[in-house]
Amino acid sequence: MADIIITINAGSSSIKFSAYRIAQGQLTQLALGQIDGIGGKAHFCVKKAGGEKTGFDFDQSHGAVDHRAGLAAVLGWLESEGDGANVVGVGHRVVHGGPVYAEPVLVDDFVLTKLKSFEPLAPLHQPYNLAGVEAAREAFPGAAQVACFDTAFHRRHTFIADTYALPRAYYDQGVRRYGFHGLSYEFIHRILRHEEPVLARGKVVVAHLGNGASMCAINAGKSVGSTMGFTALDGLPMGTRCGQLDPGVVLYLMAENKMSAAEITDLLYKNSGLKGMSGISNDVRELEASGEKSARDALDYFVSRVRRNIGGLSAELGGLDCLVLTGGIGENAVNIRRKILENMEWFGIQIDFDANARNERIISEKGSPTVVMILKTDEERMIAAHTAELLDLKKPLVPPLQ
């Protein structure tokens, strides 16, 4: 009977999942799927490693589909495959580990209660992540539940890197710079450690550029700085999120526009960033195809903030040996990458524009003081690796690039 690990990324209206077989010291992805429409008209779809796709609409006769029904469907699909699968672990993406958790952890009642206490730190994500955990405990009662945190990779920052210029009591209360996208950064570091060990021991900036975007400074494998802070709003502008913002703007909106906390939350999380600036879309591809000045302005602003943070994080590191671009934009947006990296020779970045246009793995010129790379991230595989390691199913995994 094959040992299977499931990874779960539960949101408010969707569940993304993957299934991995553990055999001969390797994680082999069997399938990648998603359930959309949680809370309403839900749809199940899954794609097996061989390319075969399965999909169906949920029966709505007994009411809206919740997370429990969604994960029960995942279990039913696994059983229907008839491979004699034995689900030994379920790894969950949990956005916030608070100031407590710096490593993945087995979830029991105590841990679950503790994680619920962090919901005010990530109200748009944490409750749904934990709803996925509770649903998975019912769907897979014999499997260990493992929480893997987006904040964990950053938890060994110095006090200076984590604090705000507020009275110390607020830091002690938990108001500090947590950083996010940690699973992506850890995956990239493991790839570097496996394939480019000299670079991995050096000073590295990783730019996770997608609908959610942030950057991380990594020194000898340890995160020392992140563009994101107390929430996933800070730092770079994103698809729909504002990025760095003078807090006085929020005070102004409250005082002059009489906006409520809920209205400001909706503005900053859902109607700002590329979408808000352009008035068109949060999708870089649509903005690049648009002839509107507002689209160009939004993209130019995004580029300028990435360039600024390359400089800032490099200063924090005291130099820069390697810059890695990842995420949907970092991996695919040729023109955005070119604009970010051009005219940076003074900084030690010499770009091979032909290599960039071909999406090659290394896009810096031979001899460039800073090596610039494109690496594909895989947060699901990182979660699966953490789950296997925590369950002591094998030695620490280096996720392969496949």
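Residues numbered from 1 in each chain as written. Predicted model: local features only at pLDDT ≥ 70, side-chain atom pairs only at ≥ 80, totals over all residues. Heavy atoms only, no water.

### Thoughts on the overall build of the chain
When helices and strands are counted, the chain shows 16 helices and 13 strands. Here the C-alpha atoms of the chain give a radius of gyration of 21 Å, agreeing with the 21 Å that 2.2 N^0.38 yields for 402 residues. Taken along its principal axes, the extent of the C-alpha atoms in the chain is 60 × 55 × 50 Å. A burial count over the chain gives 50% of its 402 residues as buried. Across the chain, every contact between residues at least 6 apart in sequence was considered, and the portion connecting residues at least 24 apart equals 62%. (Helix = DSSP H or I, 4+ residues; strand = E, 2+ residues; numbered from the N terminus. Rg over C-alpha atoms; globule rule 2.2 N^0.38 Å. Buried < 20%, exposed > 50% of the residue type's maximum accessible area, 1.4 Å probe, protein only. Contact = heavy atoms within 4.5 Å.)

### Considerations on the packing of helix H8 (residues 247-256) against helix H9 (residues 261-270)
As a packed pair, H8 and H9 sit with axes 11 Å apart at the nearest point and diverge in direction by 135 degrees. Classified by the interaxial angle, the pair formed by H8 and H9 is oblique. Handedness of the crossing formed by H8 with H9: right-handed. Along the contact surface, H8 presents Val250, Leu253 and Met254, while H9 presents Ile264, Leu267 and Leu268. Within the contact of H8 with H9, the residues separate by chemical class into six nonpolar, no polar and no charged. (Axes fitted to C-alpha atoms, helices over the stretch in contact; angles between N-to-C directions. Parallel < 35°, antiparallel > 145°, perpendicular 65-115°, else oblique. Left-handed = near helix turned anticlockwise from the far one by under 90°. Nonpolar A, V, L, I, M, F, W, Y, C, P; charged D, E, K, R; others polar.)

### Remarks on the UniProt feature "binding site: substrate" (unreviewed entry) in the chain
Residues annotated in UniProt with the feature "binding site: substrate" (unreviewed entry) correspond here to Arg93. Not counting chain neighbours up to four residues away, the residues in contact with Arg93 comprise Ile8, Asn9, Asn129, Cys148, Asp150, His181, Leu183, Glu379 and Ile383. (UniProt positions renumbered as here; feature names shortened; annotations may be inferred.)

### Quick notes on the nonpolar core
Leu209, Ile336 and Leu341 are the most contacted members of the largest nonpolar core, which has 55 residues in total. Two domains each put at least three residues into this core: domain 1 (3-149) and domain 2 (197-379). Apart from the residues lying within four places of it in its own chain, the contact partners of Ile336 are Val284, Glu288, Leu299, Phe302, Val303 and Ile329. If you look at the next biggest cluster of nonpolar residues, it comprises 29 residues, including Tyr185, Ile188, Leu375 and Ala385. (Core = buried A, V, L, I, M, F, W, Y, C linked by side-chain atoms within 4.5 Å. Domains from an automatic or database assignment.)

### Quick notes on the environment of Ala122
Among the secondary structure elements, Ala122 is positioned in the loop between helix H2 (109-116) and helix H3 (126-139). Linking Ala122 and His96, residues 26 residues apart in sequence, is a C-alpha distance of 6.8 Å.

### Quick word on helix H1 (residues 67-81)
The terminal C-alpha atoms of H1 lie 22 Å apart, and with 15 residues this matches the ideal 21 Å at 1.5 Å per residue to within 8%. The backbone nitrogen of Arg68 has a side-chain oxygen 3.2 Å away, supplied by the residue at the start of H1, namely Asp66. (Expected span 1.5 Å × (residues − 1). Polar contact = N/O pair within 3.5 Å; in protein donor to acceptor, adjacent residues only side chain to side chain.)

### Some words on the sheet that holds strand E3 (residues 26-36)
Within a sheet, neighbouring strands are paired by backbone hydrogen bonds and run either parallel or antiparallel to one another. Pairing is mixed across the open sheet formed by eight strands, whose spatial order is E5-E4-E3-E2-E1-E6-E8-E7. With partners counted over all chains shown, the strands left at the sheet margins are strand E5 (53-57) and strand E7 (105-106), one partner each. Where strand E6 (residues 86-94) meets strand E8 (residues 144-149), six bridges bridge the pair, whose relative direction is parallel. Bridge pairing in E8 links Gly89 to Ala144. The sheet contacts of H1 involve strand E1 (3-10), strand E2 (14-23), E3, strand E4 (43-48), E5 and E6, and relative to E4 the element is tilted by about 35 degrees. Taken strand by strand, H3 contacts E1, E6 and E8, and its axis lies near 170 degrees from that of E6. (Pairing = 2+ DSSP bridges.)

### Considering the packing of H2 against H3
Interaxial distance between H2 and H3 falls to 10 Å at its minimum, and their mutual angle equals 160 degrees. Classed by the angle they form, the pair H2 and H3 counts as roughly antiparallel. In this structure, H2 meets H3 at a crossing whose hand is left-handed. Packed against H2, whose contacting residues are Asp109, Leu112, Leu115 and Lys116, the element H3 presents Gln126, Leu130, Val133, Glu134 and Arg137 at the interface. Counted by class, the contact of H2 with H3 contains four nonpolar, one polar and four charged residues.

### Topic: the environment of Gly51
Along the chain, Gly51 falls in the loop between E4 and E5. Expressed as a C-alpha distance, the spacing of Gly51 and Phe159, which sit 108 residues apart in the sequence, is 48 Å.

### Looking at the pairing of E2
The side chains of a regular strand alternate between both faces of the sheet. The buried count for E2 comes to seven of ten residues, which makes it a mostly enclosed element. Pairing of E1 with E2, which is carried by eight bridges, proceeds in the antiparallel orientation. Counted as the bridge partner of Ala10 is Ile15 from E2. Between the antiparallel neighbours E1 and E2 lie three residues.

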